[in-house]
Amino acid sequence: GLLSYFRGHGVDLQAPKSIFYNDRQSTLTVRAMNEDLDTIEQLLNVLNTPTPQVTVKARFVEVDEAFLKTLLATGVAASTDSTKNRILTDEQFRPILKSLDLINEGEVTTLSGRQANFQVVDMEDVLFFGTNQTAMLPVKTNAMPFGTFLDVTPLVAADGYAIQLKVVPN
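The following refers to the structure shown. (Residues numbered from 1 in each chain as written. Predicted model: local features only at pLDDT ≥ 70, side-chain atom pairs only at ≥ 80, totals over all residues. Heavy atoms only, no water.)

Here the focus is the environment of Leu3. Along the chain, Leu3 falls in helix 1 (residues 2–8). What makes Leu3 partly exposed here is its relative accessible area of 32%. As for Leu3 and Phe20, which are separated by 17 residues in sequence, their C-alpha atoms are 9.8 Å apart. Contacts of Leu3, omitting those with residues within four sequence positions, involve Leu13 and Ile19. (Helix = DSSP H or I, 4+ residues; strand = E, 2+ residues; numbered from the N terminus. Buried < 20%, exposed > 50% of the residue type's maximum accessible area, 1.4 Å probe, protein only. Contact = heavy atoms within 4.5 Å.)

Written out as structure tokens, the structure is:
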């Protein structure tokens, strides 16, 4: 834990020195010599590095089978089993984007490693039925979302530049 982290960096906190962490108040109380306190402060500054933020923009588009076949035929998309994937340059992507039917788009800023969610949905009333001895009877109506859901989890690499993006569409 934290005590072994400090020990690993040469801080001796043997009695009469002490360390106490109050998790309810998120406070750390240290009783030690000034040199130890200076070292602990430097070590804590390293741990308090803010988590990088990532802004993700998602565009929801509608394509037909003919469009996908055109992409495959021109070599812009590569087919691997049932998935079609390839990284496109900006020059390759712009004309394709202009030809797509944009349904919706959204933008979200999240922390590295934290999942965010995009939704393009319509709320529809769904009727639930129950049975009595002779017939099916409507029991209740609930509004439920129907549409496209996209979960994204960006992870900023150690170099602070590269981003791995996990995308799960529904």
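All right, on to the pairing of strand 1 (residues 18–22) then. Inspection of the sheet shows strand 1 paired to strand 2 (residues 27–31) by five bridges, in the antiparallel sense. Opposite Ser18, over in strand 2, you have Arg31 as the bridge partner. Connecting strand 1 to the next strand, strand 2, in antiparallel fashion are four residues, including Ser26 with a positive phi near 55 degrees. (Pairing = 2+ DSSP bridges.)

Time to look at the pattern of salt bridges. Across all of its chains, the model carries four salt bridges by this definition. For the salt bridge of Lys17 with Asp36, the shortest nitrogen-to-oxygen distance reads 2.7 Å. Placement of the pair is Lys17 in the loop between helix 1 and strand 1 and Asp36 in helix 2 (residues 34–47), with a sequence separation of 19 residues. Put simply, Lys57, Arg59 and Glu105 are held in one network by salt bridges that share partners. (Salt bridge = Lys/Arg side-chain N within 4 Å of Asp/Glu carboxyl O.)

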